[in-house]
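Residue-level listing of the chains:
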Amino acid sequence: MSTAESSSLRARDARVIANIGRLRFSPLAVVGGVGNRLIEEGGRQVLDLSASCGPAILGYSHAGLAAAVADACKSMAGASLLAYPNENAVALAEELLRITPGSGERRVWFGHSGSDANDCAMRVLQAATGRSRFISFIGSYHGNLSGSMSISGHTAMTHSLPRAGLLLLPYPDPYRNNFTADEVLKLLDYQFATTCPPHQVAAVFLEPLMSDGGLIVPPPGFLKALQDRCRKHGIRVVVDEVKVGLGRTGKIHCFEHEGLEPDVVVFGKALGGGLPLSAVVGPKEIMDHAPAFALQTTAGNPVATAAGRVVLRALKEEGLAANAERVGNAFMHGLRALGKDHSIIGNVRGRGLAVGVELIDGNTGEPVPVVTTAKIIYRAYQLGAAFVYVGLRGNVLEFTPPLTLTEAEVGEALGIIDQALRDVIAGRVSDAEVAPFMMW
Ligand SMILES: Cc1ncc(COP(=O)(O)O)c(C=O)c1O
């Protein structure tokens with residue numbers, strides 16, 4: 001390795017950052033960002049089709065966000081919401097309650113990540129209801145802390161055991177048709193009648209569009225039917241909007257597509273526009289369960305919540321949900337057109353700018369091996385676009401770009417994806433090149 005290589009950001013990163021916290025799908029190492037592009041060492045700009053795995057919904061270096069964060073730092077109203085209220089946190093909570101449908105008195109809790117927010121929701125639901133069991137889905141990803149991990153059903157979580165009493169249901173996948181909606185509901189009824197008495201269940205955690213499990217849009221009516229069954233038994237409905245909430249799917253909340261009326265809504269990623277910020281919105285009688293029950297010193301601090309206020313304002317004033325719907329439809333249309341030339345594209349699906357492309361062996365219909373998916377992502381990076389893969393078989397390209405993506409950028413993205421598919425099929429990327437980037 002030359003001196004320049006060994007002192008590169010990527011080489012230094014490899015020497016000091018722990019592998020347990022990395023999910024690197026390409027050699028991209030960033031020194032800056034502007035609009036919908038990341039700037040890598042050396043100055044090349046890469047079109048970001050992932051928004052850094054979701055949070056950067058305003059893109060990078062958004063002037064309003066930068067100004068609000070700088071202002072919040074100039075005369076910092078403390079650094080801890082648990083010790084004293086600050087204007088940004090309280091105003092953000094007021095706005096979250098305003099935009100989140102729900103009835104009765106509700107309260108907001110702030111955290112730093114989707115993981116801590118799901119952990120908080122679980123813990124308080126268990127304590128407040130006196131019920132200790134949860135329902136979630138095979139393929140779901142709710143986070144990487146002890147609680148959120150223990151109710152996740154992703155293959156990336158199999159290193160840790162699910163929590164005792166967890167009922168994991170299949171998430172019906174209309175493309176694979178592994179289980180129909182009716183079959184899953186029948187299984188739930190059977191569990192309720194036998195080994196999972198519903199009075200033991202505090203809540204069901206659901207993703208209104210399964211993200212890390214493969215960008216699966218549930219069959220129409222399935223989640224609503226599940227909600228109705230749970231409601232009958234006093235089981236609370238928790239909707240995890242961490243990845244797909246706040247405009248990404250063309251509506252402010254993804255659950256609105258499904259006709260859901262959640263008891264508890266969990267926000268993360270986009271809420272901070274890139275700063276660490278999450279929130280749980282739920283009924284007062286649950287969220288006020290006991291003082292000093294879910295304390296994190298710097299959660300709800302005035303800097304992160306200043307960013308949150310800008311995000312919610314931009315959603316409203318910059319028409320981001322409408323843009324996500326329009327540009328997302330153009331993107332999906334273009335990807336489906338690519339499918340005519342590429343038999344590896346089995347299915348294009350999503351809502352708005354939460355888009356998945358399932359890659360298959362064109363002869364058998366089976367998922368491609370993960371190495372093939374990794375090669376496409378690697379080659380696309382070389383050609384100038386960044387995105388990641390998801391899915392229990394690692395064969396789904398995931399696109400969750402900033403909601404500011406333009407139609408011109410969609411055209412650019414489609415050109416890069418087309419070329420990347422051609423190059424990988426022609427064998428222009430080796431197994432050795434992508435070996436370090438096969439993550440899950
Ligand atoms: C649906 C969902 N919930 C929760 C999380 C965890 O969020 P975080 O990584 O911010 O802790 C993720 C992360 O990908 C997610 O997709």
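Under the annotation held in an unreviewed UniProt entry, the chain carries the name Aspartate aminotransferase family protein and is attributed to Steroidobacter flavus.

**Notes on the site of the ligand**
Taken together, 13 residues lie near the ligand, and G114, S115, Y141, D240 and K269 sit nearest. G114 is positioned such that a nitrogen or oxygen atom in its backbone is 3.0 Å from an oxygen atom of the ligand. At 3.2 Å from a nitrogen atom of the ligand is found a main-chain nitrogen or oxygen belonging to Y141. Relative to its unbound accessible area of 390 Å², the ligand is 85% covered by the protein chains. Here the shell around the ligand takes three residues from helix 5 (residues 114-129), the largest share from any one element. Of the residues in the shell around the ligand, the class split is two nonpolar, six polar and five charged.

**What to know about the layout of surface pockets**
A water-sized probe rolled over the atoms picks out the places where empty space is left. In this structure, the second largest pocket encloses a volume near 650 Å³. Every element with two or more residues in the lining of the second largest pocket is listed here: helix 4 (87-99), strand 4 (106-111) and helix 5. For the lining of the second largest pocket, a count of residues per class yields 19 nonpolar, one polar and four charged.

**Considering the sheet that holds strand 6 (residues 167-169)**
The pairing of strands in a sheet happens through backbone hydrogen bonds and is either parallel or antiparallel. Sheet architecture is open: seven strands sit in the order 4-10-9-8-7-5-6, paired in mixed fashion. Two strands lie at the open edges of the sheet, namely strand 4 and strand 6, each paired on one side alone. Shown here is a sheet whose adjacent strand axes are inclined to one another by a mean of 20°, direction ignored. As paired strands, strand 5 (residues 133-137) and strand 6 are joined by three bridges and run parallel to one another. By the bridge assignment, S136 is partnered in strand 6 with L168. The strands touched by helix 7 (residues 181-193) are strand 5 and strand 6; relative to strand 6, the strand with the most contacts, the crossing angle is about 160°.

How each quantity is defined
- Residues numbered from 1 in each chain as written.
- Predicted model: local features only at pLDDT ≥ 70, side-chain atom pairs only at ≥ 80, totals over all residues.
- Heavy atoms only, no water.
- Near = heavy atom within 4 Å.
- Polar contact = N/O pair within 3.5 Å; in protein donor to acceptor, adjacent residues only side chain to side chain.
- Areas by Shrake-Rupley, 256 points an atom, 1.4 Å probe, with all protein chains shown as cover.
- Helix = DSSP H or I, 4+ residues; strand = E, 2+ residues; numbered from the N terminus.
- Nonpolar A, V, L, I, M, F, W, Y, C, P; charged D, E, K, R; others polar.
- 1 Å grid on protein atoms, 1.4 Å probe; cavity = no way out; pocket = protein on both sides within 12 Å on 5 of 7 lines; lining within 4 Å.
- Points joined across faces, edges and corners; volume = space filled by probe spheres on them.
- Pairing = 2+ DSSP bridges.
- Axes fitted to C-alpha atoms, helices over the stretch in contact; angles between N-to-C directions.
- Contact = heavy atoms within 4.5 Å.

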